[in-house]
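Next come the chains, spelled out residue by residue.
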Amino acid sequence: MTHPLHTLLEQHGQAHRAPTRLIEQFPRIANRLVELWGTDAMSGYLESLMIMDRPDRQGFPPEIGMELMSFGNAHDDILHRPAAEAGVWDHVREAAIDQLDRLGLRATVGDFHRHVGQGKPETLQLYLDAGLKVDSADDNGWTALMRASFDGSISSAEWLLTHGADIHATDRGGYTPLHWAALNGYDTVVDLLVNRGANVNAESQSGFTALIQAASRGHLVIVKRLIAAGARVGTSTPDGWTALHKAVANRHTDVAIRLLDHGADPDARHQDGSTPYTIAAQTGQQRLCELMLLTQSVRQRERH
C-alpha cells in the first residue's frame, strides 16, 4: 500500500525525494510528517529529529538522515513555491474540475463538504486537485473535518487528517471537530481525534467543552473516553453549567454517576442558583439525589 507521503510528494512532482527507508523503519515519524504536511511547524519538527546531542537519542543511520534532509528541502520548495511556478499545475486543476463535472459535482466548498459524508477518497482527492484547501471553510467557519466529525464519517475523517486537516480548527462559535463528534455520539471519531492530539478541554465561545456536549446527550462511552484522556470534569461555562448539570437535567443517570465518580460537584451553582442536586430533586430523581448526598458525605469524611 502506498504511504501518504509518497502520494503527497508525487502530487508535486517530488516523488523521487520520498523518505522510503524512514517510512519502513520509523512509521510513526512518517505518519507525523504527514500530519504536519503544509504547515510551518514541519521545519521545527525536522530540526528536532536531526539533533543528535541528546543522551536519550541514538541518532538515525546516515542514509535516513540524508532522506530527512532531502524531504525537508522538498517540503520547503513546495510550501514556498512562487506563484508563477504554481501555474505549472494548472493542467492538474483543470483536469480535476472536468472530472468532477462528469460526476455531476462542482469544485466548491459546499460540494466538497457534502461529499465528505460519502467517504470516497478518490473523489475527495479531486477536490484538492481542483484547488480547494483541505481546511476550506464555509460561511459558518465549518471545515470538511468538522463535517466528517458531525456526520460520524470515520473514513473521511482519517483521510482528511492524513492530508493535513487542522484538528484544532474552530468554527464561528468556537467549536472544534471533537465538539461535534462528542455531541452526536460518534465514539470511533472521538477516539481518532483524541489519538491524533485533539484538545479535550477546548472551550467554545460559550464555554462548552466536548465533555459537556457528550454528557448533555448521555453518551457514556465518550464521557469515559474523554475523562481518560484528561478532560476536566469540573469545567463550567461562564454562566455556570457543568457536565453534571447537563447530565442530570437530561436524566442521563449513568453519565451523572460516572461524573460523580471522577469528582464532579453536586453543589456546583449555575447563575440562576440551580445545582445538579436541586435539579435532580425538582425532577424527581430520588436515587440520584441519594447518590449525591452519599458522595458528598464520603468526600467530607475523606477531607477530615
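Residues numbered from 1 in each chain as written. Predicted model: local features only at pLDDT ≥ 70, side-chain atom pairs only at ≥ 80, totals over all residues. Heavy atoms only, no water.

If you look the protein up in an unreviewed UniProt entry, it shows as Ankyrin repeat domain-containing protein from Jeongeupia chitinilytica.

Draft legend 1. How the structure looks around the overall build of the protein. Each helix and strand counted, the protein has 19 helices and zero strands in total. With respect to the three principal axes, the spread of C-alpha positions in the protein is 70 × 55 × 30 Å. A burial count over the protein gives 45% of its 304 residues as buried. Long-range contacts, defined as pairs at least 24 residues apart, comprise 66% of the intrachain contacts of the protein with a sequence gap of at least 6. Only carbon and sulfur atoms are counted for the fraction: they give 49% of the accessible area of the protein, which is about 15,500 Å². Taking the average location of the 28 positive side-chain charges in the protein and that of its 37 negative ones, the two points are 7 Å from each other. (Helix = DSSP H or I, 4+ residues; strand = E, 2+ residues; numbered from the N terminus. Buried < 20%, exposed > 50% of the residue type's maximum accessible area, 1.4 Å probe, protein only. Contact = heavy atoms within 4.5 Å. Areas by Shrake-Rupley, 256 points an atom, 1.4 Å probe, with all protein chains shown as cover. Lys, Arg positive; Asp, Glu negative; His and termini not counted. Charge placed at Lys NZ, Arg CZ, Asp CG, Glu CD.)

Draft legend 2. Quick look at the UniProt feature "repeat: ANK" (unreviewed entry) in the protein. According to UniProt, the "repeat: ANK" (unreviewed entry) feature falls on residues 140–172, 173–205, 206–238 and 239–271. Here residues 140–172 runs as 52% helix and 0% strand, with 6 Å between its end C-alpha atoms. Note that residues 206–238 is 52% helix and 0% strand, and that its end C-alpha atoms are spaced 7 Å apart. (UniProt positions renumbered as here; feature names shortened; annotations may be inferred.)

Draft legend 3. Molecular detail of the side chain of Thr242. Counting through the fold element by element, Thr242 comes out in the loop between helix 15 (220–228) and helix 16 (243–249). Of the residues examined, Thr242 reaches a relative accessible area of 6% and is grouped as buried.

Draft legend 4. Focus on the pattern of salt bridges. Going through the model one piece at a time under the given rule, you end up with seven salt bridges. Linking Arg196 and Glu35 is a salt bridge whose minimum nitrogen-to-oxygen distance equals 4.0 Å. Separated by 161 residues along the polypeptide, Arg196 in the loop between helix 13 (187–195) and helix 14 (210–217) and Glu35 in helix 3 (residues 27–35) bring together distant segments of the chain. Classification of Arg196 as partly exposed rests on a relative accessible area of 28%. One salt bridge connects Asp191 with Arg225, and the closest N-O pair in it is separated by 2.4 Å. One end of the pair, Asp191, is in helix 13; the other, Arg225, is in helix 15, and 34 residues separate them in sequence. (Salt bridge = Lys/Arg side-chain N within 4 Å of Asp/Glu carboxyl O.)

Draft legend 5. Examining the nonpolar core more closely. Core analysis: the largest hydrophobic core is formed by 63 residues, its most contacted members being Phe112, Leu160, Leu178, Leu193, Leu211, Leu226 and Leu259. In this structure, Leu160 is in contact with Phe112, Val116, Val134, Ala144, Leu145, Ala148 and Ala165, ignoring residues within four places of it in sequence. If you look at the next biggest cluster of nonpolar residues, it comprises 22 residues, including Leu5, Leu22, Ile64 and Ile78. (Core = buried A, V, L, I, M, F, W, Y, C linked by side-chain atoms within 4.5 Å.)

Draft legend 6. Region of the structure containing the side chain of Gln125. If you trace the backbone, Gln125 turns up in helix 9 (residues 121–129). Once residues lying within four places of it in the same chain are set aside, the contact partners of Gln125 are Gln11, Trp159 and His163.

Draft legend 7. The layout of surface pockets, seen in detail. Considered as a void within the structure, the second largest pocket measures approximately 210 Å³ in volume. Lining the second largest pocket, in full, are Arg32, Glu35, Thr39, Leu161, Gly164, Ala165, Asp166, Ile167, His168, Arg196 and Gly197. When its residues are assigned to classes, the lining of the second largest pocket shows three nonpolar, four polar and four charged. (1 Å grid on protein atoms, 1.4 Å probe; cavity = no way out; pocket = protein on both sides within 12 Å on 5 of 7 lines; lining within 4 Å. Points joined across faces, edges and corners; volume = space filled by probe spheres on them. Nonpolar A, V, L, I, M, F, W, Y, C, P; charged D, E, K, R; others polar.)

Draft legend 8. Region of the structure containing the packing of aromatic side chains. Inspection of the entire model under this criterion finds six aromatic pairs. Aromatic pair Trp37 and Phe71: ring centres 6.1 Å apart, planes at 50°, arrangement tilted. Of the two residues, Trp37 sits in the loop between helix 3 and helix 4 (41–50) while Phe71 sits in helix 5 (residues 62–79), which places them 34 residues apart along the sequence. Judged by its relative accessible area of 10%, Trp37 falls in the buried class. (Phe/Tyr/Trp six-rings, centres within 6.5 Å; stacked < 30°, edge-to-face > 60°.)

Draft legend 9. The arrangement of the packing of helix 8 (residues 109–116) against helix 9 in detail. For the pair helix 8 and helix 9, interaxial distance at closest approach is 10 Å and the crossing angle is 160°. Considering their axes alone, helix 8 and helix 9 lie roughly antiparallel with respect to each other. The handedness of the crossing between helix 8 and helix 9 comes out as left-handed. On helix 9, the residues touching Asp111, Phe112, His115 and Val116 of helix 8 are Thr123, Leu124, Tyr127 and Leu128. Here the residues of the contact of helix 8 with helix 9 sort into five nonpolar, two polar and one charged. (Axes fitted to C-alpha atoms, helices over the stretch in contact; angles between N-to-C directions. Parallel < 35°, antiparallel > 145°, perpendicular 65-115°, else oblique. Left-handed = near helix turned anticlockwise from the far one by under 90°.)

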